[in-house]
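So you can see what is in the structure, the chains are spelled out below.
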Amino acid sequence: MLLETITANDVQIGLHAKDWEDAIRQAAAPLLASGAIRQSYIEGMITSVHDNGPYFVLSKGLALAHARPECGAVRLSLNFSTFDPPVSFGAGENDPVRLIITLAATDPDSHLDLLGELAEVLMDDSRMQQLFSAASSEAFCALLK
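Bear in mind that the values here come from a model prediction, so they are computed numbers and not experimental data. (Residues numbered from 1 in each chain as written. Predicted model: local features only at pLDDT ≥ 70, side-chain atom pairs only at ≥ 80, totals over all residues. Heavy atoms only, no water.)

## Some details on the packing of helix H4 (residues 125–132) against helix H5 (residues 137–144)
When two helices pack together, their arrangement is captured by the angle between the axes and the distance separating the axes.
So, point 1. As a packed pair, H4 and H5 sit with axes 9 Å apart at the nearest point and diverge in direction by 165°. Taken together, the axes of H4 and H5 are roughly antiparallel relative to one another. Crossing geometry of H4 relative to H5 is assigned as left-handed. Across the interface between the two elements, Arg127, Gln130 and Leu131 of H4 pack against Phe140, Leu143 and Leu144 of H5.
So, point 2. Looking at the contact of H4 with H5 residue by residue, the classes come out as 4 nonpolar, 1 polar and 1 charged. (Axes fitted to C-alpha atoms, helices over the stretch in contact; angles between N-to-C directions. Helix = DSSP H or I, 4+ residues; strand = E, 2+ residues; numbered from the N terminus. Parallel < 35°, antiparallel > 145°, perpendicular 65-115°, else oblique. Left-handed = near helix turned anticlockwise from the far one by under 90°. Contact = heavy atoms within 4.5 Å. Nonpolar A, V, L, I, M, F, W, Y, C, P; charged D, E, K, R; others polar.)

As structure tokens, this is what we get:
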């Protein structure tokens, strides 16, 4: 299971963002620092929201931020970032966003198994509430597994 490879280093807790663009930049920063994405990938995510709206705000409080692989994804990676206070994306009833999962995928298919695993977690409302309010990266990881 790919989610079992997630460590506390892949989780940021209680970030503060001035707006949704800042939230995306902060959520993607660890992937940039690790070399999993290029700066152009972050810009691709922001441009995509400007062009298409906040389509990756999937449910109340949750965004799955991503861009096209050719925008600068270097390797399949995930990062989880919680925000306190939550951030408005202009996504109507799904705002404000408390958790951004940043996904970098290098092709159209390599991340599908990972998304399947993630879907099991995301469909559990009780678990999602616990993830939203996790006090530490370690606690967040324990809830994922």
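Still more to cover.
## Describing the packing of aromatic side chains
Any aromatic ring pair is given by two values, namely how distant the centres are and how the planes are angled relative to each other.
So, point 1. Tallying each qualifying case throughout the model produces 4 aromatic pairs.
So, point 2. Taken together, a centroid distance of 6.0 Å and an interplanar angle of 35° make the contact between Trp20 and Phe89 tilted. In this pair, Trp20 sits in helix H1 (residues 20–34) while Phe89 sits in the loop between strand S4 (77–87) and strand S5 (97–104), placing the two residues 69 residues apart along the sequence.
So, point 3. Among the residues examined, Trp20 registers a relative accessible area of 16% and is labelled buried.
So, point 4. Arranged with centres 5.4 Å apart and planes meeting at 50°, the rings of Phe80 and Phe140 form a pair that is tilted. With Phe80 in strand S4 and Phe140 in helix H5, this pair connects stretches of sequence that are 60 residues apart. Both residues of the pair, Phe80 and Phe140, count as buried.
So, point 5. Linked through ring pairs, Trp20, Tyr55, Phe56 and Phe89 together constitute an aromatic cluster. (Phe/Tyr/Trp six-rings, centres within 6.5 Å; stacked < 30°, edge-to-face > 60°. Buried < 20%, exposed > 50% of the residue type's maximum accessible area, 1.4 Å probe, protein only.)

The quantities given are spatial measurements derived from coordinates; they are silent on function.
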